[in-house]
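Tertiary structure, described
So the chains spell out like this:
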Amino acid sequence: MMFRIKVLIHFVILLVSQTHATIKYKVQSVDCNSKVSLECENGTTKKFSAVAWYKMVSGKDIFLVRMEKGQRVENYSNDTRMTLSKNKSLIISTVTPKDSGLYQCKIYASVGGANAISGVNLTIRECVETTLVTTFMTSVTAVTHSLTSPQLQVDLHDVLPVTWSIGVFLVVVVCKIALSLIAIKVRTMCASASVNA
């Protein structure tokens, strides 16, 4: 119950402090499947009561991780890839393009201090399927190897009888067609001669 009250108080403080805050987003681009560290400006300060990271999605803050001073990191996103470093940077391991977006680090000050908000505009470059490229290259290598293999070398004397067989077959087919056409022509001429006589 006490924790919920603390979260509610921090939320109200956040709303009040957020109304006039202008956030400058640091641009950060990384490769797909790499580990990224999003720096929280003013993260080295010792005078804080809590730090929280949010991701902006459709204009709304999505709560990711939070740590109160002296406490363990609480992960609200249920994403085991996210954690906080000692300097309050958000660490995301094995990033994908869907991790791209606007992230905000909010440091809630201890009594007498000022809250701080910083942001990172994270861009993840597209993933390249290395397995597909590797499979293609392996296939090309196998085909190249099989074409130069001594087992594939064929003697011309082995191919020659097949070539002659196909040639003779084609000559017989052409002759049959020609004889059939001649027979049809002769028959129609005979039929027309008998009709005229």
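Here the structure is shown first, and the text comes after it.
Here we summarise the structure given alongside this text. Not measured: the values here are computed from a predicted model.

A few points about the nonpolar core
In this structure, Leu 38, Trp 53, Leu 90, Ile 92 and Tyr 103 are the most contacted members of the largest nonpolar core, which totals 23 residues. The set of elements that each furnish at least two residues to this core consists of strand S2 (36-38), strand S3 (48-57), strand S4 (60-68), strand S6 (82-84), strand S7 (90-92), strand S8 (101-109) and strand S9 (116-124). Looking at which element gives the most residues to this core, the answer is S9, with four residues.

Structural notes on the sheet that holds S9
Spatially, S1-S9-S8-S3-S4-S5 is the arrangement adopted by the six strands of the open sheet, whose pairing is mixed. Strands with a single pairing partner mark the edges of an open sheet, and in this sheet they are strand S1 (25-30) and strand S5 (74-75). With eight bridges connecting them, S3 and S8 associate as antiparallel partners. Each bridged residue has a counterpart across the sheet, and for Ala 52 the counterpart in S8 is Lys 106.

Observations concerning the packing of aromatic side chains
Ring pairs (aromatic) are described by centroid distance and by the angle formed between their planes. Scanning all chains against the criterion turns up two aromatic pairs. Measuring from centroid to centroid gives 5.1 Å for Tyr 54 and Phe 63, while their planes differ by 25 degrees, and the two rings are stacked. Aromatic pair Phe 63 and Tyr 76: ring centres 4.4 Å apart, planes at 25 degrees, arrangement stacked. Taken together, the positions of Phe 63 in strand S4 and Tyr 76 in the loop between S5 and S6 put the pair 13 residues apart, joining distant regions of the chain. Since its relative accessible area comes to 32%, Tyr 76 is described here as partly exposed. Grouping aromatic residues by their ring pairs yields a cluster made of Tyr 54, Phe 63 and Tyr 76. Geometry around Tyr 54 places Lys 106 over its ring, the cationic atom sitting 4.3 Å from the centre.

Calculation criteria
- Along each chain, the written sequence defines residue order, and numbers are assigned to residues from 1.
- Predicted model: local features are reported for residues with pLDDT of at least 70 only, side-chain atom pairs are reported and counted for 80 or more only, and whole-chain, interface and lining totals are derived from all residues.
- To get the side-chain values, all heavy atoms of the structure are used, and hydrogens and water are removed first.
- As used here, the term nonpolar core means buried Ala, Val, Leu, Ile, Met, Phe, Trp, Tyr and Cys residues forming a set that is joined through side-chain atoms within 4.5 Å.
- Accessible area is worked out with a 1.4 Å probe on protein chains only. A residue is then buried under 20% of its type maximum, exposed over 50%, and partly exposed in between.
- Strands are runs of DSSP state E lasting at least two residues, helices are runs of H or I lasting at least four, and both sets are numbered from the N terminus onward.
- By definition, two strands form a pair when at least two bridges between them are found by DSSP.
- Pairing of aromatic rings covers Phe, Tyr and the six-membered ring of Trp, with a centre-to-centre limit of 6.5 Å; geometry is then stacked below 30 degrees between planes, edge-to-face above 60, and tilted otherwise.
- The criterion for a charge sitting over a ring is simple: Lys NZ or Arg CZ within 6 Å of the ring centre, and within 35 degrees of the ring normal.

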